[in-house]
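Structural overview for review
What follows is the residue order along each chain.
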Amino acid sequence: MNLLEFTAKGIYCPAADVYLDPWQPVKKALITHGHSDHARWGHEQYLCTTPAEPIIKHRLQLTDNIQSVAFGETVMINGVQFSFHPAGHIPGSAQIRVELNGEVWVFSGDYKLQHDGLSEPFEPVRCHAFITESTFGLPVYSWPSQADVFDEVNRWWRKSQEEGKVAVLAGYALGKSQRILKNVDATLGKIMVHGAIETVTNIFREQGMILPPTVRVLPEMKRADFEGALVICPPSAIGSPWLRKFEPFSLGIASGWMGLRGTRRRRGADRGFVLSDHADWRELNQAVRETGAEKVFVTHGYSEIFARWLTEHGLDAREVKTQYEGELSEMAEATEDKALEA
Amino acid sequence: MKRFAQLFTELDQTTKTLDKIKALVSYFEVAATQDRIWTIAILSHRRPRRTVSAGYLGTWATERAGLPMWLFEESYSVVGDLAETISLVLPEPDERSDETLTFWINFIKSLEPMSIEEKKEKINWAWHRLGGVDRFVFNKLITGGFRVGVSQQLMVKALAKYARVKENVIAHRLMGNWSPETTTYETLVLTEDTQDISRPYPFYLAYALEGTVEELGDPTEWQAERKWDGIRGQVIVRNGELFVWSRGEELVTDKYPEYAAFLELLPNGTALDGEILPFRDGLPLSFNHLQTRIGRKSITSKLLQEVPVAFVAYDVLEWEGADVRSWPLTTRREKLEALAATKPHPVLQLSPTINFSTWDQLREARTHSREYRSEGIMLKRKDSIYRDGRRRGDWWKWKIDPFTIDAVMIYAMSGHGRRANLYTDYTFAVWSGDQLVPFTKAYSGLTDEEIREVDRWVKQNTTERFGPVRSVKPELVFEIAFEGIAKSTRHKSGIALRFPRIHRWRKDKAVAEANTLQDLQQLLNTHG
């Protein structure tokens with residue numbers, strides 16, 4: 001019996017009888033973060049980190065069946081030690097460390113190593129077996145520095161202002177949008193946000209996060225209200241009638257997929273900004289190396305390819321099928337944003 | 001190179017024509033003369049000869065990046081563009097260069113006589129000095145296929161604006177056999193006379209008819225012909241020499257030895273517009289026949305006998321050495337008919353006009369299109385001049401409805417370029433007994449939204465993977481449209497389709513309701 005097993009319902013710890021980010025309803029679920037492919041409806045009990053709790057509670061409409069712990073705090077369940085460690089993916093996101101009789105496994109959920117100025121920075125955790133994502137597990141993915149990306153975003157915003165266009169920037173409602181808010185030059189003008197983003201942002205503000213002021217886009221607003229503004233919206237708004245009120249506008253998309261010219265052109269955006277909350281190729285390799293793990297399980301993304309690469313580098317690596325989507329859902333229409341609007 | 005890379009980025013960042021013209025004009029204003037003409041050449045698909053094979057480039061980049069070859073290949077299949085894959089996997093350059101576009105083009109040309117080892121050293125030197133977009137552009141210059149959404153027409157517009165020369169004049173000057181190696185910007189764009197006696201005229205292209213034919217107004221103002229399914233071409237005789245151009249601005253004189261007869265048939269100073277078409281016993285043969293000629297390097301006498309090619313002429317662009325494109329169509333047509341009548345020859349066929357006085361008569365004539373092996377009807381306004389490029393108003397194509405068949409998707413492959421990393425190329429099958437027999441591929445016709453939906457479905461319903469191809473559960477039914485059907489020994493199904501594409505996604509149909517191989521064979525018997 002392994003410490004963690006891959007079952008039809010999700011990643012399972014038989015010794016403790018709990019699941020990690022399961023995709024089917026279970027009795028007890030440990031949740032890495034609030035994105036919809038990781039935090040799902042219908043479990044009897046939820047456990048997550050304290051900073052991740054308000055979002056998950058709000059999204060899943062939970063009342064008293066959710067508990068939380070601080071980063072690094074140990075929880076014993078049926079003799080198995082569990083603890084949450086920063087994953088750097090979005091604020092409150094965690095890797096879950098599992099230990100029994102000296103054997104340590106780590107499930108990393110979604111993660112990135114680059115500091116975004118907002119999320120608790122990724123913390124390497126030594127372990128025997130490491131479960132890693134591989135959303136951008138190809139050597140063609142190599143992120144530019146965050147500072148360079150935001151220089152570009154600021155320049156584009158200013159240029160849009162000069163051309164009399166509203167700068168509309170699409171990014172995930174949970175995580176990416178707040179990262180944009182935190183790092184964009186807010187002195188350039190008014191920042192306006194889609195309702196789904198305002199809701200999430202306010203939850204973070206209540207937790208004490210300092211973000212520049214935002215104005216929620218309301219149906220009765222006129223074009224003049226958006227003059228010179230940066231409007232942040234979820235990717236699902238692209239191509240929707242909601243965008244029309246900003247005409248003329250320039251559309252930007254903030255996503256790791258924008259690193260490829262093909263995807264950039266396909267999305268019909270005016271500008272693509274390479275900004276991802278997932279690890280790039282170099283970071284994935286660094287993360288795996290720093291765990292010291294001999295056994296690696298590769299989940300969502302280019303899992304088969306990354307597993308083969310790790311195997312060639314002497315690790316016991318395997319591809320694992322899960323229902324996590326990583327940044328995939330960001331491309332194939334953001335299901336999460338629709339959920340957030342509901 | 002930086003300035004050119006910036007132009008490339010600006011062109012790539014917008015889909016709006018006006019922005020592109022603006023970007024081109026401001027580039028032309030600052031670019032060095034030599035860079036300017038190379039830019040015009042590259043954007044009209046005249047890149048320098050390939051001096052390093054794509055295979056070597058990939059191998060060298062892989063080596064330099066310290067990757068195994070299989071990983072580079074996987075990356076390439078995701079990125080969908082070799083030049084881009086290479087620039088993404090390479091480590092950051094040690095230094096940044098600021099040489100001109102022309103410097104790098106000459107650099108690439110200088111590789112030609114070198115040994116492989118020398119080429120490798122040179123290419124690595126370049127990769128040391130170029131980063132980001134510069135590096136991508138450099139790789140693209142070698143591999144070709146520079147698609148930046150700048151049509152010939154758009155570039156003509158920008159150049160006309162910059163050089164203050166009329167658009168139609170520029171369009172004509174850019175045609176034909178020029179190269180930045182043998183001509184300068186001044187000679188090409190600003191000089192009246194041309195030394196190039198082969199230079200063709202820009203083709204006038206028609207849009208498909210939108211709405212009803214009645215909207216064109218009075219039928220007596222229109223000339224109608226069959227729309228032929230061959231290769232659009234221009235036959236030119238000047239100074240006792242013959243030049244045959246295809247629409248892709250390719251000189252194809254040698255491919256059609258039968259056309260040598262034109263030297264006898266056409267007086268010097270004549271240019272005809274028409275269709276290169278396989279023709280026997282007074283009727284065109286199917287496009288499939290022509291394909292057997294296109295691909296061949298050497299044209300055997302057997303092939304000449306089996307697939308004789310004629311030129312079905314429908315317009316005169318040059319007459320007695322003068323550009324007559326401004327004459328009304330009726331006048332040009334009279335000249336053409338007179339020409340064909342004086343020296344009848346099987347290689348010069350006149351595209352006959354259709355007699356009609358009401359739109360209903362023409363509509364009826366259109367129903368017989370397939371009997372003439374034609375794709376429908378061409379409508380041209382009788383008093384129209386011969387314009388350049390694709391334009392609305394005077395010429396319309398009125399095509400017949402395609403054949404359709406319901407088929408099951410069985411394989412999916414990811415696309416390239418704009419569609420890289422998305423499963424967009426599908427193989428379809430029809431029933432033969434209880435077996436599904438693949439019969440065609442198609443990779444267009446769905447909306448972007450549908451493509452994303454199918455892509456997701458493919459990723460979730462893969463039964464097997466071989467390289468970039470996935471075999472999927474036979475569950476989705478699509479209506480496939482095509483223009484023609486022919487017998488084929490190369491395909492397992494025994495048939496080959498002309499212009500297959502996805503007409504619509506039949507979500508309402510079950511797999512069992514798809515068509516059968518017998519249905520296709522029946523179409524082949526009637527129309528093949």
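Calculation notes
- Residues numbered from 1 in each chain as written.
- Chains lettered and ligands numbered in written order.
- Predicted model: local features only at pLDDT ≥ 70, side-chain atom pairs only at ≥ 80, totals over all residues.
- Heavy atoms only, no water.
- UniProt positions renumbered as here; feature names shortened; annotations may be inferred.
- Helix = DSSP H or I, 4+ residues; strand = E, 2+ residues; numbered from the N terminus.
- Rg over C-alpha atoms; globule rule 2.2 N^0.38 Å.
- Buried < 20%, exposed > 50% of the residue type's maximum accessible area, 1.4 Å probe, protein only.
- Contact = heavy atoms within 4.5 Å.
- Areas by Shrake-Rupley, 256 points an atom, 1.4 Å probe, with all protein chains shown as cover.
- Lys, Arg positive; Asp, Glu negative; His and termini not counted.
- Charge placed at Lys NZ, Arg CZ, Asp CG, Glu CD.
- Salt bridge = Lys/Arg side-chain N within 4 Å of Asp/Glu carboxyl O.
- Pairing = 2+ DSSP bridges.
- Phe/Tyr/Trp six-rings, centres within 6.5 Å; stacked < 30°, edge-to-face > 60°.
- Lys NZ or Arg CZ within 6 Å of the ring centre and 35° of its normal.
- Axes fitted to C-alpha atoms, helices over the stretch in contact; angles between N-to-C directions.
- Buried area = accessible area lost by both parts, 1.4 Å probe.
- Polar contact = N/O pair within 3.5 Å; in protein donor to acceptor, adjacent residues only side chain to side chain.
- Core = buried A, V, L, I, M, F, W, Y, C linked by side-chain atoms within 4.5 Å.
- Domains from an automatic or database assignment.
- Nonpolar A, V, L, I, M, F, W, Y, C, P; charged D, E, K, R; others polar.

Per an unreviewed UniProt entry, the recorded name for chain B is DNA ligase (ATP), and the organism is Chryseolinea serpens. Listed in UniProt under the heading Catalytic activity (unreviewed entry), the comment for chain B reads: "ATP + (deoxyribonucleotide)n-3'-hydroxyl + 5'-phospho-(deoxyribonucleotide)m = (deoxyribonucleotide)n+m + AMP + diphosphate."

Under an unreviewed UniProt entry, the name given to chain A is Putative mRNA 3-end processing factor, and the source organism is Chryseolinea serpens.

Attention shifts here to the overall build of chain A. For chain A, the count of helices and strands is nine helices and 19 strands. Computed over its C-alpha atoms, the radius of gyration of chain A comes to 20 Å, within 12% of the 20 Å expected for a compact globule of 342 residues. Dimensions along the principal axes, computed over C-alpha positions, put chain A at roughly 65 × 45 × 30 Å. Out of the 342 residues in chain A, the part that is buried amounts to 62%. Partitioning the intrachain contacts of chain A with sequence separation of at least 6 by distance along the chain shows that 61% fall at a separation of at least 24. Summing over all exposed atoms, chain A offers an accessible surface of approximately 12600 Å²; the carbon and sulfur share of this is 49%. Placing the 36 positive and 44 negative side-chain charges of chain A at their respective mean positions leaves the two points 5 Å apart.

On to the overall build of chain B, then. Of the regular secondary structure elements, chain B holds 19 helices and 22 strands. Radius of gyration (C-alpha) of chain B: 26 Å, near the 24 Å computed for a compact globule of 528 residues. C-alpha extents for chain B along the principal axes are approximately 70 × 70 × 50 Å. Counting contacts in chain B only where the partners sit at least 6 residues apart, residues at least 24 apart contribute 71% of the total. Computed over 73 positive and 72 negative side-chain charges, the inter-centroid distance for chain B is 1 Å.

Here we take up the pattern of salt bridges. Under the defined criterion, the tally for this structure stands at 46 salt bridges over all chains. K112(A) is the salt-bridge partner of D116(A), the closest N and O atoms lying 2.8 Å from each other. The same class applies to D116(A) and to K112(A), which are both buried. Of the charged contacts, one joins K109(B) and E181(B) as a salt bridge, the two residues approaching to 3.0 Å between their closest N and O atoms. With K109(B) in helix α7 (residues 101-110) and E181(B) in the loop between α11 (167-173) and α12 (185-190), this residue pair connects regions lying 72 residues apart in the sequence.

This next bit is on the pairing of strand β16 (residues 435-442) of chain B. Sheet topology note: the strand β15 (residues 423-432) of chain B/β16(B) ladder contains seven bridges and is antiparallel. Bridge pairing links V430(B) to V437(B) in β16(B).

Here we come to the packing of aromatic side chains. Evaluation of the coordinates by the stated rule reveals 44 aromatic pairs over all chains. A ring pair is formed by W104(B) and F107(B), whose centres lie 5.1 Å apart and whose planes are at 75°; its orientation type is edge-to-face. With a gap of three residues between them, W104(B) and F107(B) both fall in helix α7, about one helical turn apart. The same class applies to W104(B) as to F107(B), namely buried. Each member of the aromatic cluster is reached from another via a ring pair, and the members are F136(A), Y141(A), W143(A), W257(A) and Y302(A). Looking at R390(B), its charged tip hangs above the ring of Y207(B), at a distance of 5.9 Å from the centre.

Residue and element names in this part refer to chain A. With parallel pairing, the six strands of this open sheet are ordered in space as β14-β13-β15-β12-β16-β17. Each end of this open sheet is capped by a strand with a single partner; those strands are β14 (215-216) and β17 (271-273). Sheet contacts for helix α4 (residues 195-206): β13 (191-193), β14 and β15 (230-233); angle to β13, the most-contacted strand, approximately 105°.

Quick look at the interface of chain B and chain A now. At the junction of the two partners, chain B supplies 31 residues and chain A supplies 29 residues. For the pair chain B and chain A, the summed buried surface comes to about 2700 Å²; carbon and sulfur atoms form 52% of the total. Here chain B is connected to chain A by four salt bridges. Of the charged contacts in the structure, one is a salt bridge between D12(B) and R261(A), with a shortest N-O distance of 2.9 Å. Between the two partners, chain B and chain A, sit four residue pairs in polar contact (both at pLDDT 80 or more). Broken down by secondary-structure element, the contributors of at least two residues to the side of chain B that touches chain A are α1 (2-12), α5 (69-79), α6 (82-89) and α18 (448-460) of chain B.

What follows covers the sheet that holds strand β11 (residues 374-381) of chain B. All names here are of chain B. Across the sheet, four strands lie side by side as β2-β13-β11-β3; this open sheet has mixed pairing. Two strands lie at the open edges of the sheet, namely β2 (207-208) and β3 (222-228), each paired on one side alone. Pairing analysis gives six bridges linking β3 to β11, with the strands arranged antiparallel. Note on β11: the bridge partner recorded for W228 is S374. Contacts between helix α17 (residues 359-366) and the sheet are confined to β3, β11 and β13 (395-399), with β11 contributing the most and set at about 150° to the helix.

Here we come to unusual backbone geometry. Negative phi values dominate among residues other than glycine, just as trans dominates among peptide bonds. Cis rather than trans, the peptide bond between E247(A) and P248(A) has omega equal to -5°. For P248(A), the location among the structural elements is in the loop between β15 and β16 (249-254). The phi dihedral of H45(B) is positive, around 60°, even though this residue is not glycine. The topology assignment puts H45(B) in the loop between α3 (33-43) and α4 (54-65). H45(B) gets classed as exposed once you look at its relative accessible area, which sits at 61%.

Core analysis: the largest hydrophobic core is formed by 120 residues, its most contacted members being Y141(A) and F138(B). It is helix α10 (residues 152-163) of chain B that provides the largest number of residues to this core, a total of eight residues. The residues touching F138(B), leaving out its near neighbours within four places in the chain, are M1(B), W104(B), F107(B), I108(B), I123(B), A126(B), W127(B) and L130(B). Membership of the second largest hydrophobic core comes to 31 residues, among which are M409(B), V458(B), I485(B) and L524(B).

According to the domain assignment, chain B contains domain 1 (2-143), domain 2 (204-398) and domain 3 (403-527). A straight line from the C-alpha centre of domain 1 of chain B to that of domain 3 of chain B covers 36 Å.

Residues and elements named next belong to chain B. Where α3 contacts α7, the two axes come as close as 8 Å, and the packing angle between them is 65°. Counted together, Q34, D35, W38, T39 and I42 of α3 and L101, T102, I105 and K109 of α7 form the full contact between these two elements. Taken together, the residues of the contact of α3 with α7 break down into four nonpolar, three polar and two charged.

Side chains on a regular strand alternate between the two faces of the sheet. Residues and elements named next belong to chain A. Where burial is concerned, most of strand β12 (residues 166-170) is hidden: five out of the five residues are buried. Both faces of β12 are covered, namely the face carrying V166, V168 and A170 and the face carrying A167 and L169. Bridge count between β12 and β16: five bridges; the pairing is parallel. In the sheet register, A170 faces β16, and the bridge partner there is I253.

Residue and element names in this part refer to chain A. The assigned domain composition of chain A is domain 1 (5-140 + 277-326) and domain 2 (146-274). Of note, the centres of domain 1 and domain 2, computed from C-alpha atoms alone, are 29 Å apart. Taken together, the contacts link 20 residues of domain 1 with 19 residues of domain 2. In total, about 1600 Å² of surface goes out of reach between domain 1 and domain 2, with carbon and sulfur atoms giving 68% of it. Between the two partners, domain 1 and domain 2, sit one salt bridge. Measuring nitrogen to oxygen at the nearest pair gives 2.8 Å for the salt bridge that ties D277 to R179. Our count for the domain 1 to domain 2 interface comes out at six residue pairs in polar contact (both at pLDDT 80 or more). By residue class, the composition of the side of domain 1 that touches domain 2 is nine nonpolar, eight polar and three charged.

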